[in-house]
2 protein chains.
Amino acid sequence: MTLIRIALDAMGSDNAPQVEVEGAALALQDLPPGFRVQLVGRPPAIEGALAAFPGIDRARIEIVDAPDVVGMGEKPLAALRSKPRSSIMVGLGLQKEGHSDAFISAGNTGAVMAASTLLLRLHPGVQRAAIGALLPTATQPVLLLDAGANVDCDARELVGFAQLGAVYARDVLGRPQPVVGLLNVGEEDEKGSGVVKEAHHLLRGATGFHYVGNVEGRDVPTGEARGRPLDVVACDGFVGNVVLKFYESAAKVFVKLLKQELPDVLQRPEMGNVLRILDYATYGGAPLLGVQGVSIICHGSSPAKAIKNAIRVAVQAVSSHLSQDIGVEFAQGGVTA
Amino acid sequence: MTLIRIALDAMGSDNAPQVEVEGAALALQDLPPGFRVQLVGRPPAIEGALAAFPGIDRARIEIVDAPDVVGMGEKPLAALRSKPRSSIMVGLGLQKEGHSDAFISAGNTGAVMAASTLLLRLHPGVQRAAIGALLPTATQPVLLLDAGANVDCDARELVGFAQLGAVYARDVLGRPQPVVGLLNVGEEDEKGSGVVKEAHHLLRGATGFHYVGNVEGRDVPTGEARGRPLDVVACDGFVGNVVLKFYESAAKVFVKLLKQELPDVLQRPEMGNVLRILDYATYGGAPLLGVQGVSIICHGSSPAKAIKNAIRVAVQAVSSHLSQDIGVEFAQGGVTA
């Protein structure tokens, strides 16, 4: 097995670098071997956080010096320009130079997207990179994309998101024949905005995945459309972002209400299955799909478990050759040929 | 108190006319007096359903003959043209002729929207009628509009939805100083699609309500934005429809999971507060705002309780002069002047 090198932005999250270091420690303990973690950031801070994990396998950890940190509130492009030695730029730079295989950050999402596109570049044929968000459902998790990278999209871009999602579903989620739906306001061919109607028309000629047609908002939480398990739902980044944030917030409101009204019930083992569909930490991070490489974006509020799971996803993405497979898919032209 | 006449499409829902008749019976029993119900549909079917409610006050019920029924799957305009004596056309015709004050239907949504616009017409200055959906939140219900009437919207139309929602919040929800947000992917001025950015700019000059600025998907379930209780959220009908259907479905999935895993817990009285945010029947119906008159659209699967609540909303809309107030708001030009 080839060694897989995961660069982790140690300065990204709201609780950096403690959470990142704990996530790395969990990953090294729980996940199969074959990978190393490159902690990118300010060495003294990272060393300080590592002191809390004396049992950690230091042979599998490398500290990479990056003195600057991009703040959550900073404007992405300006921040990247003024801080070329930020943990985001240094971490992605490692991958660009061939010294790393994947990058993970819980930092400024806009800056991670911009730097990923800038340094790794898009695969030829990919019009826009998209954020894929894995949503828990009543059945299997569904990949929703774009979850916020692109707010104004044309029909061909929506088709591209469907293709990107299908490759991810095959390589990372282990679904050999992915079922892909287009998010719309109704199932019928004539439903939707002009852009979505055109995308539906184009997707009907799709190969490489099963296009199940238009799906509605209601089909996402059930994880099914027309009796078939759904793997990927394509939409523009505006509606995807709204749905993702809406879901996360509704889940939080619900757990808070349960805690308030029925504190004893939350402790019961049967709650596990109920809370599973409310627990985002399980899924860890959202991949930025379409770039030449692997870049995974986590919530600023990610707990260590989410960082660990993002590392798991990154390892899976690298070992399944996700980026190469996306390159092949788009080089062939896919649906848009 | 003037008499208020509510025309109820008795043939609309999946369980018509039983559910409609039961809803009317509940309304006559539970709601304050001062209104009558006009049951519009096939008299023998309506009489048959009424037989189950021998105690109902027949003096407050009128049966209006409409021999045709528009099916759920029919194309709206074609159905209205070929069935001029459908319960939808007859019920709205009563209002147009001054023989009724409001119309309620759980039938084909597209047909109800088209017939409402056709027969009642829009108020001068209103560009598009919008469906307002009342969403349960952790705090007070929030009116989301447009919830599906218009999939492609320009900035001025979004501003119009904000205005329509604000009048509804004042008149029907009893919120004298409504707080209105624009659904977007971030709070900052520069966030969003071109159309939404322009709408945000226009709304900053709004009068007649407090424009709180861009709100995100996460602010809807909490019912708050920047520490203020939120009354109205404006968006295009594509994203509104997706969010509404997503929420309804997520709520159903959650209740189903709770039933399956913790059947005893659902029986506990404390669950009331938890289920409240999942129970759509409480809110009853979605008003079509912007027409000259009152038209309320219910789910095809509405239970009797939802029909009763739609009647309550219709009575409130008529007695608060909602339609007249919308007319005044738009005659003055409002934000778009």
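Please refer to the structure placed before this passage.
Residues numbered from 1 in each chain as written. Chains lettered and ligands numbered in written order. Predicted model: local features only at pLDDT ≥ 70, side-chain atom pairs only at ≥ 80, totals over all residues. Heavy atoms only, no water.

**Here's the deal with the sheet that holds strand β8 (residues 179-183) of chain A**
Residue and element names in this part refer to chain A. The sheet built from 5 strands is open, its strands ordered β6-β7-β12-β8-β9 with mixed pairing. In this open sheet, the two strands that pair with only one neighbour each are β6 (133-135) and β9 (210-215). Taken over all neighbouring pairs, the strand axes of this sheet differ in orientation by 30° on average, direction set aside. As judged from the 3 bridges shared by β8 and strand β12 (residues 232-234), these two strands associate in the parallel manner. The partner of V180 across the bridge, within β12, is V232. In the packing of helix α7 (residues 194-203) onto the sheet, the strands contacted are β8 and β9, and the crossing angle to β8 comes to about 160°. (Pairing = 2+ DSSP bridges. Helix = DSSP H or I, 4+ residues; strand = E, 2+ residues; numbered from the N terminus. Axes fitted to C-alpha atoms, helices over the stretch in contact; angles between N-to-C directions. Contact = heavy atoms within 4.5 Å.)

**Focus on the relation of the copies chain B and chain A**
Screw-axis analysis of chain B against chain A gives a translation of 0.0 Å along the axis, an RMSD of 0.0 Å, and a rotation angle of 180°. Taken together, the rotation angle and the small translation identify this as a two-fold axis. For chain B, the minimum C-alpha distance to the rotation axis belongs to B:V239 and amounts to 2.8 Å. A share of 100% of interface residues in chain B that are also interface residues in chain A marks the association as one of identical surfaces. (Least-squares fit on C-alpha atoms with pLDDT ≥ 70 in both.)

**Considerations on empty space enclosed by the protein**
In total, this model carries 4 cavities of 30 Å³ or more according to the counting rule given. Its boundaries defined by the atoms lining it, the largest cavity holds a volume of some 150 Å³. Lining of the largest cavity is provided by 16 residues; of these, A:A250, A:A251, B:A250, B:A251 and B:L278 occupy positions nearest its centre. It is helix α9 (residues 237-261) of chain B that contributes the most residues to the lining of the largest cavity, 6 residues altogether. Classifying every residue of the lining of the largest cavity by side-chain character gives 16 nonpolar, no polar and no charged. If you go around the second largest cavity, the residues you meet are B:P287, B:L288, B:L289, B:G290, B:V291, B:G293, B:V294, B:S295, B:L322, B:S323 and B:I326. Counting residues per element, the ones that place at least two in the lining of the second largest cavity are β13 (286-289) and α13 (322-331) of chain B. Here the residues of the lining of the second largest cavity sort into 7 nonpolar, 4 polar and no charged. (1 Å grid on protein atoms, 1.4 Å probe; cavity = no way out; pocket = protein on both sides within 12 Å on 5 of 7 lines; lining within 4 Å. Points joined across faces, edges and corners; volume = space filled by probe spheres on them. Nonpolar A, V, L, I, M, F, W, Y, C, P; charged D, E, K, R; others polar.)

**Some remarks on helix α5 (residues 109-120) of chain B**
Helical geometry note: an α-helix holds 3.6 residues per turn, so side chains three or four residues apart project in the same direction. Residues and elements named next belong to chain B. Over its 12 residues, α5 runs 16 Å from end to end, which matches the ideal 16 Å to within 8%, given 1.5 Å per residue. Taken as a whole, α5 has its buried residues at A111, V112, M113, A114, A115, S116, L119 and L120. Contact partners of the buried residues in α5: α3 (76-82), α4 (87-96), β4 (102-105), β5 (130-131), β13 and β14 (295-297). The N-cap residue of α5 is N108: its side-chain oxygen and the backbone nitrogen of G110 are 3.2 Å apart. With its phi angle positive at about 65°, R121 sits one or two positions after the end of α5. (Expected span 1.5 Å × (residues − 1). Buried < 20%, exposed > 50% of the residue type's maximum accessible area, 1.4 Å probe, protein only. Polar contact = N/O pair within 3.5 Å; in protein donor to acceptor, adjacent residues only side chain to side chain.)

**Section: the nonpolar core**
With 256 residues, the main nonpolar core has A:F35, A:L39, A:I311, B:F35, B:L39 and B:I311 as its most contacted residues. If you tally residues by element for this core, the top one is helix α9 (residues 237-261) of chain A, at 14 residues. Non-local contacts of B:L39, meaning those with residues more than four positions away in its chain, are made with B:L8, B:A10, B:V21, B:A24, B:I46, B:L50, B:I61, B:E62, B:I63 and B:V64. (Core = buried A, V, L, I, M, F, W, Y, C linked by side-chain atoms within 4.5 Å.)

**Some points on the packing of helix α4 (residues 87-96) of chain A against helix α5 (residues 109-120) of chain A**
The angle between the axes and the distance between the axes are what describe a pair of packed helices. Residues and elements named next belong to chain A. Two elements in contact, α4 and α5, have axes separated by 10 Å at closest approach and are oriented at 30°. By the angle between their directions, the pair α4 and α5 is classed as roughly parallel. Crossing geometry of α4 relative to α5 is assigned as right-handed. For the pair formed by α4 and α5, the contact residues are I88, M89, L92, G93, Q95 and K96 on the first element and A111, V112, A115, S116, L119 and L120 on the second. Taken together, the residues that form the contact of α4 with α5 break down as 8 nonpolar, 3 polar and 1 charged. (Parallel < 35°, antiparallel > 145°, perpendicular 65-115°, else oblique. Left-handed = near helix turned anticlockwise from the far one by under 90°.)

**Section: the sheet that holds β13(B)**
Residues and elements named next belong to chain B. Pairing is mixed in the open sheet, where 7 strands are placed in the order β3-β2-β1-β4-β14-β13-β5. Each having just a single partner strand, β3 (61-65) and β5 make up the two edges of the open sheet. Direction of pairing for strand β1 (residues 4-9) relative to strand β2 (residues 35-41): parallel, over a ladder of 6 bridges. Across the sheet, the residue bridging to R5 is R36, located in β2.

**Focus on the interface of chain B and chain A**
Contact with chain B, which involves 45 residues of that partner, is made by 45 residues of chain A. Interface of chain B and chain A: buried area, both sides summed, is about 4,100 Å²; carbon and sulfur atoms make up 75% of it. Area buried by chain B at its contact with chain A is led by B:F238, B:F246 and B:F254, which between them contribute 18% of it. The interface formed by chain B and chain A includes 6 salt bridges. The partner of B:K75 in a salt bridge is A:E190, and the shortest N-O contact between them spans 3.0 Å. Here chain B is connected to chain A by 12 residue pairs in polar contact (both at pLDDT 80 or more). Within the residue set of the side of chain B that touches chain A, elements represented by two or more residues are α7 (194-203), α8 (219-222), α9, α10 (263-266) and α11 (271-276) of chain B. Per-element accounting of the side of chain B that touches chain A gives the leading share, 16 residues, to α9(B). By residue class, the composition of the side of chain B that touches chain A is 25 nonpolar, 10 polar and 10 charged. (Buried area = accessible area lost by both parts, 1.4 Å probe. Salt bridge = Lys/Arg side-chain N within 4 Å of Asp/Glu carboxyl O.)

**Section: the environment of A:Q324**
For A:Q324, the position within the fold is in helix α12 (residues 322-331). Considered as a pair, A:Q324 and A:G293 are 31 residues apart in the sequence and their alpha carbons are 8.1 Å apart.

**Structural notes on the packing of helix α6 (residues 155-171) of chain B against α13(B)**
All names here are of chain B. Contact pair α6 / α13: the axes reach a minimum separation of 10 Å and the direction vectors enclose 140°. In terms of axis orientation, α6 runs oblique to α13. Considering how the two elements wind past one another, α6 and α13 form a crossing that is right-handed. Together, G160, Q163, L164, V167, Y168, R170 and D171 of α6 and L322, D325, I326, E329 and F330 of α13 make up the contact between the two elements. A breakdown of the residues in the contact of α6 with α13 according to their chemical character gives 6 nonpolar, 2 polar and 4 charged.

**Some points on the pairing of β9(A)**
Residue and element names in this part refer to chain A. Of all 6 residues that make up β9, 5 are buried, and the element is covered over most of its length. Here 5 bridges tie β8 to β9, and the two strands are oriented parallel to one another. Its bridge partner lying in β9, V180 is registered against Y211. Running through α7, the crossover from β8 to the neighbouring parallel element β9 is right-handed. (Right-handed = clockwise from strand over helix to strand, strands pointing away.)

**Things to note about unusual backbone geometry**
Residue and element names in this part refer to chain A. The residue after A16, namely P17, is reached through a cis peptide bond having omega -5°. Relative to the elements of secondary structure, P17 occurs in the loop between β1 (4-9) and α1 (18-30). Positive phi outside glycine occurs at R226, with the angle close to 50°. On the secondary structure map, R226 appears in the loop between β10 (224-225) and β11 (228-229).

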